[in-house]
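# Coordinate analysis (summary)
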Amino acid sequence: MVSKLDWASVMAQANALDVADPLSGFREEFVLPDGIIYLDGNSLGSAPRAALSALEVAARQEWATDLIASWNHAGWFDLPTRCGDRIAPLIGADMGEVVSCDTVSLNIFKCLGAALQMRPERHVIVAEAGSFPTDLYVTEGFLGLRQGLSMRLEEPEGTELASLIHGDVAAVLVNQVDYRTGRVRDLPALTRVAHDAGAIVIWDLCHSAGVMEVGLNAAAADMAVGCSYKYLNGGPGAPAFVFAAKRHHEAIRQPLSGWWGHANPFDFTRSYRPDPGIRRFLCGTQPILSFRAMEAGLEIAGRAGIAHVREKGKLLTQLFIDLVEAGCEGRVRLVSPRSAEKRGSQVSFAHPDGYAITQALIDRGVIGDFRSPDILRFGFAPLYLCHADVAEAARQFCAVVTGDVWRDPAYAVRAAVT
Ligand SMILES: *Cc1c(COP(=O)(O)O)cnc(C)c1O
C-alpha cells in the first residue's frame, strides 16, 4: 500500500478526466454551493436550476393567478403519469407502467396489498433484515391487518434471500441496491427464482433509480417502488413512484383505493372502479408544487441517458476507493463491493468512530453521511460531480482519518437527522 500519495499529480489526472467527461456540462444545471463537495446525493439530490424556476412559475402563475384552471390548463392532473413516463425509460419500463405519487412507504403498502390479493392462498412475505427500515416497518403494519400472514427475513450474515422463497411465499420485497453497503442484487436472477416459486417480486429501487440501469421489463419484473428525491434530484419530499408490469394491471387491486385511482374520478359515483391502467395506484390529491419541481430533475436525467450516468458512476466510485485505500494507511475498511458491476453509485467504509469522522469531514466541506453502527457512506451523483471533486474529497478524507482532529468531543454529539 502506498502511504504517501502525490496529490498534485492525482489532481492533475482528475482534471484531465474531467475535460474528457461527456457529462461534464450537466454540472452547470445544478445549484452547487461554494466550498462544498456534496457526496450525499443518495440521501437528498442537489437542486436543478430549472426546478427553482418551475417552482416560481407554479406558485406565482399557476397557483396564485390561474387558480383552479391550472388543473387542466397547466396539466396538473396528469403530472403523476407524465412524470411516471419520464421515469419509465430510466428503469427499463414502458410508457403507462409507472406512476409518480405519495411516498415509498405508502407505495410499498399498496404493492403488498396488490401482491397478496393476487396470491390469496399464500401467507408469507420475504424481505431483508438489513433493508432500509421503512420497508420492514410497513410490512409489519401490513401483517397486522390480516391473520396468518408472516414475514420471513434474510439475515445479513445468514442464508441468501433466494433460498427463503418457497411455494408459500406471496411476495418478495427486496432492494436492488443496499442502502448501507451499496451492494447490487442480481435483479433478473432473483426475479426468476421468485417466479419459479410462483411469488410476486416488489423491487425497491430507491438507491438505483436515476443512477444505473434497472431493466425491469427485460427481467419480467412484477412491481417496483422508488424514490425521486435521491439520485433523481426531485427535491425534498418529492413524490415517489410505483411500477407495475402491464400484464398485471387488470388484476391489481391496491388497498388505498382513493378517488384519484378511480376510472372517472369526476363522475363522483358511489362505488369504486379502478382506472384501467397504472393510475389505479393513485390514492388522493397529489403535491403539485413538489411535482413541478421534480419534473425538472427527471427531464435532466432523461437527457443525460442512464447508460452514461452509470458508466461515470463506476469511474467516480472506483477513483474514490483507489485514492482512499492508497492514502488511509489501512485505517478504514471497504464495505462496498470491490467490483464496480456489483456496486451502486456509493462507497461505504467502516470505522469504529465513523460518526465523528463524518462530522469532521462535513466541517471541511465534504458532505457524506453516517449509517449506524459504523458506516461512513458517500454517494456519487454523476450528473453534478466531477473527478476533481472526488480526488479532493479523498484527500480530505485521508487527512481526517490519518490525523487526530476528529477526536474533538464536539464531533461526537449526534444530531436528529444523520
Ligand atoms: C429513501 C428510502 C425510502 C424512503 O421512503 P419514504 O417513504 O419515501 O420516506 C424507502 N426505502 C428505501 C430503501 C430508501 O432508501
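I will try to describe carefully the structure that is included in this document. Keep in mind the model is a prediction, meaning the values are calculated, not measured.

## Brief notes about the sheet that holds strand E15 (residues 375-379)
Ordered in space as E11-E12-E15-E14, the 4 strands form an open sheet in which the pairing is antiparallel. The strands lining the two open edges of the sheet, one partner per strand, are strand E11 (333-334) and strand E14 (369-371). Across 3 bridges, E14 lies against E15 in antiparallel orientation. Bridged to Arg371 within E15 is Ile375.

## Considerations on the nonpolar core
Residues Leu39, Phe320, Val324, Phe349, Phe378, Phe380 and Phe397 are the most contacted members of the largest nonpolar core, which totals 52 residues. Within the residue set of this core, elements represented by two or more residues are helix H1 (7-19), helix H8 (288-304), helix H9 (306-327), strand E12 (346-350), helix H10 (354-363), E15 and helix H11 (387-402). The biggest single contributor to this core is H11, with 9 residues. Val169, Val214, Ala245 and Leu298 belong to the second largest nonpolar core, which has 42 residues in total.

## Structural notes on the sheet that holds strand E6 (residues 150-154)
Taking strand neighbours across the sheet as the criterion, the 7 strands line up as E4-E10-E9-E8-E7-E5-E6 in an open arrangement whose pairing is mixed. In the strand order of this sheet, the two ends are held by strand E4 (98-100) and E6, each with one partner. Neighbour-to-neighbour, the strand axes of the sheet open up by a mean angle of 20°, direction not taken into account. Relative to strand E10 (residues 241-244), E4 runs antiparallel, the two being bridged by 3 bridges. For Ser100, the partnering residue across the bridge sits in E10 and is Phe241. Contacting E4 and E10, helix H4 (residues 79-87) runs over the sheet at an angle of about 125° to E4.

## A closer look at H8
For H8, built from 17 residues, the straight-helix expectation of 24 Å at 1.5 Å per residue is met to within 8% by its first-to-last C-alpha distance of 25 Å. Along H8, 12 of the 17 residues are buried, which leaves the element largely enclosed by surrounding structure. Every buried residue of H8 is listed here: Ile288, Phe291, Arg292, Ala293, Met294, Glu295, Ala296, Gly297, Leu298, Ile300, Ala301 and Ala304. Positive phi shows up at Gly305, right after H8, with a value of about 85°.

## A look at the packing of H1 against H11
A packed helix pair is summarised by two numbers, namely the angle formed by the two axes and the spacing between the axes. The contact between H1 and H11 brings their axes to 7 Å, and the two run at 155°. If you check the angle between H1 and H11, you find them roughly antiparallel. Counted together, Trp7, Val10, Met11, Ala14, Asn15, Leu17 and Asp18 of H1 and His387, Ala388, Ala391, Glu392, Ala394, Arg395 and Cys398 of H11 form the full contact between these two elements. Residues of the contact of H1 with H11, tallied by class, amount to 9 nonpolar, 2 polar and 3 charged.

## Remarks on the side chain of Lys110
By secondary structure assignment, the location of Lys110 is in helix H5 (residues 104-118). A relative accessible area of 0% places Lys110 in the buried class. Ignoring anything within four residues of it in the chain, the contact list for Lys110 reads Cys101, Asp102, Gln254, Pro255, Leu256 and Phe281.

## Here we look at the pairing of E6
The sheet contact formed by strand E5 (residues 124-128) and E6 spans 5 bridges and is parallel. The residue bridging Ala127 from the neighbouring strand is Leu153, located in E6. In this region the chain leaves E5, passes through helix H6 (residues 133-143) and returns to the parallel neighbour E6; the handedness of that crossover is right-handed.

## Observations regarding the pattern of salt bridges
In a structure, side chains of opposite charge can pair up when their charged atoms sit close to one another. For the structure shown, the criterion picks out 24 salt bridges. Ionic contacts of the salt-bridge type, sharing partners, join the residues Glu128, Glu154, Glu160, Arg183 and Arg185 into one network.

## Quick notes on the packing of aromatic side chains
Overall, the coordinates contain 17 aromatic pairs when judged by the stated rule. Note on Trp71 and Trp76: the rings are 5.3 Å apart at their centroids and 90° apart in plane angle, and the pair reads as edge-to-face. The exposure class assigned to Trp71 is partly exposed, which follows from its relative accessible area of 26%. Both rings, one in Phe266 and one in Phe268, keep their centres 5.7 Å apart while their planes meet at 90°; by these two values the pair is edge-to-face.

## Re the packing of H10 against H11
Remark: H10 packs on H11, axes separated minimally by 10 Å, with the N-to-C direction vectors making an angle of 130°. Here H10 lies oblique to H11, going by the angle between them. Considering the relative orientation of H10 and H11, their crossing is right-handed. Taken together, the residues of H11 that come into contact with H10 (itself represented by Ile357, Ala360 and Leu361) are Gln396, Phe397, Val400 and Val401. Here the residues of the contact of H10 with H11 sort into 6 nonpolar, 1 polar and no charged.

## Some details on the pairing of strand E8 (residues 200-204)
Across the 5 residues of E8, 5 count as buried, placing the element largely inside the fold. What you see with E8 is no split at all: Ile200, Ile202 and Asp204 on one side and Val201 and Trp203 on the other are buried throughout. Bridge count for strand E7 (residues 169-175) against E8 is 5 bridges, and the pairing is parallel. When the bridges of E8 are listed, Asn175 appears paired with Asp204. The parallel pair E7 and E8 is bridged by helix H7 (residues 187-196), and the resulting crossover is right-handed. Of the strand pairs in this sheet, E8 and strand E9 (residues 223-226) are connected by 3 bridges, and their pairing is parallel. Residue pairing for E9: Ile202 is matched across the bridge by Met223.

Analysis parameters
Residues numbered from 1 in each chain as written. Predicted model: local features only at pLDDT ≥ 70, side-chain atom pairs only at ≥ 80, totals over all residues. Heavy atoms only, no water. Pairing = 2+ DSSP bridges. Helix = DSSP H or I, 4+ residues; strand = E, 2+ residues; numbered from the N terminus. Core = buried A, V, L, I, M, F, W, Y, C linked by side-chain atoms within 4.5 Å. Buried < 20%, exposed > 50% of the residue type's maximum accessible area, 1.4 Å probe, protein only. Axes fitted to C-alpha atoms, helices over the stretch in contact; angles between N-to-C directions. Contact = heavy atoms within 4.5 Å. Expected span 1.5 Å × (residues − 1). Parallel < 35°, antiparallel > 145°, perpendicular 65-115°, else oblique. Nonpolar A, V, L, I, M, F, W, Y, C, P; charged D, E, K, R; others polar. Right-handed = clockwise from strand over helix to strand, strands pointing away. Salt bridge = Lys/Arg side-chain N within 4 Å of Asp/Glu carboxyl O. Phe/Tyr/Trp six-rings, centres within 6.5 Å; stacked < 30°, edge-to-face > 60°. Left-handed = near helix turned anticlockwise from the far one by under 90°.

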